[in-house]
Amino acid sequence: MQLRSSNVATASKVPTLQSFAYKTVKDRLPVILTKVIDLLFRERNNIANIYGEVGKEEGKEVTGKCSMLRNEMQTNKPLKLLEGKRSDVIIWNDYLRKQTEEMKKEPRWFEAAWLYVECYMYRRIQDAFDLTSKLQDFDPFKNSKEMAFQSSLDAALYFGKHILTTIEQLQQKLHKDSPEVFEHFQLFLQVSLWGNKCDLSISAGQNVAQKESPVEQIHKLQDQILVNDTRKLLEILHQANHDNPNKVTLSLVLDNAGFELFTDLCLVEILQQLELVTFVNFYVKDMPWYVSDATEQDFLWILEVLGKSEHQSFQELSKIWIEKLQQKLWTIEKEKYWTLPFDYSVMEEMDPALYAKLSASQVIIFKGDLNYRKLTGDRQWDFETPFQTSLQGFLPAPICALRTLKADTVTGLSPGQGESIAKSFPDWMISGDFGLIQIATP
Ligand SMILES: O=P(O)(O)OC[C@@]1(O)O[C@H](CO)[C@@H](O)[C@@H]1O
Ligand SMILES: [Mn+2]
């Protein structure tokens, strides 16, 4: 039996009363929209300064559209077609028509799959900006992403110093087969995992800064890693290096900007220092998404801020990382698939080129909760369903999910594990306090 509350293999989550999906659509999404509306109002003079009078007027139009969108959502209206000219509009609109056919009625905010309506909200916000002439690249979440990083600076600085010391040690003496390799590997992997606690959509845009020292924090959190395939991941990387020396490509499908992104960059740096990985392709979102998801601008912003910092360790890291981009050891990849309504099981059919590109890497790391929901189709799986089964055929290369649980989908647990945690921690699936380092291999 693969499914928890239903035997139907297509039981994706609909926001029914009492569900986490319902609370998100009812309480969290309208707040996020209100914040966009407030920001546009607050920034109206800045917008006028940068984009002129036309931009200012267009800002008002977007504000009006976001208010309408909030109203449609709160009154459970049918979803509407997109109107902009972006290349994915046809795909989104076809998807809506197909859903209408399949459901034999128009999808509405509280009567369609949660994953779909939640993604749709972010896509509709972008559509409002796309319909302007000046504000197409305006990111309404930019301020909150930047402020969240600024308030995590102490933790980032601590970790930045830690990575530089580690690099120095590695360059001086460490033998590749030394047990310390595993210790470093594990530490950076776990800091990147817990970096995923810092997203701004679960908190409806409220600042969630990392205050604690990440290195000390991970010791406390050890027992909260429900599946820990760290050794498997290391083996995969060793094998990949054996098969393709100095040609190992890691695809890193990013999640949040700010502190989480910083921990991801540190992880990748260590993987390269340990000579486990040669090339890294970072996949960013092609538009503002789920409040805090990283776009190319966010990626470049963090490098710039570190470079301009008064702290030498930040400057050094920025320099190393900018060089990696210049040398193409790192690339930033923009792909529209991540902001489409689809889960990943249909990627091969819907976007064979991206599937092929991912297949060419030796490992793919998927960061975060939303990626996990899309990996597993956001279905009501039985907790003990093998992770691989829940991927429903999506396996372009070995996959590692690094995710803190912030939505009620999880697979690959041992018998009784979920039920036993639930007794002591009723919110275990949505609190972000539990994590996974979970592998599936072809
Ligand atoms: O992908 P992320 O950044 O880890 O989390 C995104 C997220 O906060 O958004 C949804 C709630 O709106 C949840 O599914 C999930 O927890
Ligand atoms: Mn996110």
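Residues numbered from 1 in each chain as written. Chains lettered and ligands numbered in written order. Predicted model: local features only at pLDDT ≥ 70, side-chain atom pairs only at ≥ 80, totals over all residues. Heavy atoms only, no water.

What am I meant to see in the overall build of the protein chain here?
Tallying secondary structure elements over the protein chain gives 17 helices and 7 strands in all. C-alpha extents for the protein chain along the principal axes are approximately 60 × 60 × 45 Å. Expressed as a percentage of the 442 residues in the protein chain, the buried residues total 59%. Long-range pairs, those at least 24 residues apart, make up 79% of the contacts in the protein chain with a sequence separation of at least 6. When the accessible surface of the protein chain is totalled, it reaches about 18800 Å², and 51% of it is carbon and sulfur. Charge-centre separation for the protein chain: the mean point of 50 positive side chains lies 4 Å from the mean point of 60 negative side chains. (Helix = DSSP H or I, 4+ residues; strand = E, 2+ residues; numbered from the N terminus. Buried < 20%, exposed > 50% of the residue type's maximum accessible area, 1.4 Å probe, protein only. Contact = heavy atoms within 4.5 Å. Areas by Shrake-Rupley, 256 points an atom, 1.4 Å probe, with all protein chains shown as cover. Lys, Arg positive; Asp, Glu negative; His and termini not counted. Charge placed at Lys NZ, Arg CZ, Asp CG, Glu CD.)

Hey, could you run me through the coordination of the manganese ion (ligand 2) in this one?
Four donors placed tetrahedrally about a metal ideally form angles of 109.5 degrees, and six donors placed octahedrally ideally form angles of 90 or 180 degrees. Protein-derived coordination of the manganese ion (ligand 2) comes from Asp255 (OD), Asn256 (OD1) and Asp293 (OD), at a distance range of 2.0 to 2.2 Å. Ordering the donors of the manganese ion (ligand 2) by residue number gives the pattern D-N-x36-D. With a gap of 37 residues between them, Asn256 in the loop between β2 (249-253) and α10 (259-273) and Asp293 in the loop between β3 (279-284) and α11 (296-308) connect regions that are remote in the sequence. When its relative accessible area of 2% is taken as the criterion, Asn256 is described as buried. (Donors = N, O, S within 2.8 Å, 3.2 Å for Na, K, Ca; no water.)

Sorry, what's going on with the packing of aromatic side chains here?
Two measures describe an aromatic ring pair: the distance that separates the ring centres and the angle between the ring planes. Evaluation of the coordinates by the stated rule reveals 36 aromatic pairs. When the ring of Phe149 is compared with that of Phe262, the centres are 6.3 Å apart and the planes differ by 45°; the resulting orientation is tilted. Placement of Phe149 in helix α5 (residues 142-150) and of Phe262 in helix α10 is noted, with a sequence separation of 113 residues between them. Take Phe149: its relative accessible area is 0%, and that puts it in the buried class. Between Phe262 and Phe314 the ring centres are 6.0 Å apart and the planes differ by 85°, which places this aromatic pair in the edge-to-face class. Remark: Phe314 occurs in helix α12 (residues 312-326) and Phe262 occurs in helix α10; sequence separation between them is 52 residues. We note Arg44 situated over the ring of Phe41; from NZ or CZ to the ring centre the distance is 4.0 Å. Between the NZ or CZ atom of Arg373 and the centre of the ring of Trp114, over which it lies, the distance is 3.5 Å. (Phe/Tyr/Trp six-rings, centres within 6.5 Å; stacked < 30°, edge-to-face > 60°. Lys NZ or Arg CZ within 6 Å of the ring centre and 35° of its normal.)

Before we go on, may I ask you to explain the environment of Phe259 in this structure?
Within the secondary structure, Phe259 sits in helix α10. Each C-alpha atom, one on Phe259 and one on Leu40, is 25 Å from the other, the two residues being 219 residues apart in sequence.

Is there a simple way to explain the nonpolar core in this structure?
Looking at soluble globular proteins, one finds that nonpolar side chains tend to be buried together. Judged by nonpolar contacts, the single largest core of 79 residues is most densely connected at Trp109, Met121 and Trp428. Sequence-distant contacts of Met121, defined by excluding residues within four places in its chain, comprise Leu29, Ile32, Leu33, Leu69, Met73 and Trp109. Formed by 67 residues, the second largest nonpolar core is a distinct cluster that contains Leu164, Phe185, Phe188 and Ile225. (Core = buried A, V, L, I, M, F, W, Y, C linked by side-chain atoms within 4.5 Å.)

Looking at this structure, I do not really get the packing of helix α3 (residues 89-103) against helix α4 (residues 114-130). What am I missing?
Their axes nearest at 13 Å, the elements α3 and α4 cross at an angle of 145°. Helix-helix and strand crossings are classified by hand; for α3 and α4 the assignment is left-handed. Counted together, Val89, Trp92, Tyr95, Leu96 and Gln99 of α3 and Tyr116, Cys119, Tyr120 and Arg123 of α4 form the full contact between these two elements. Along the lines of polarity and charge, the residues of the contact of α3 with α4 split into 7 nonpolar, 1 polar and 1 charged. (Axes fitted to C-alpha atoms, helices over the stretch in contact; angles between N-to-C directions. Left-handed = near helix turned anticlockwise from the far one by under 90°. Nonpolar A, V, L, I, M, F, W, Y, C, P; charged D, E, K, R; others polar.)

It is not clear to me how the environment of Gly418 should be interpreted in this structure. Could you clarify?
Looking at where Gly418 falls in the secondary structure, it is placed in helix α17 (residues 417-424). Looking at Gly418, the relative accessible area reads 0%, which means it is buried. Sequence separation between Gly418 and Ile322 is 96 residues; the distance between their C-alpha atoms is 43 Å. In this structure, Gly418 is in contact with Phe383, Leu413 and Trp428, ignoring residues within four places of it in sequence.

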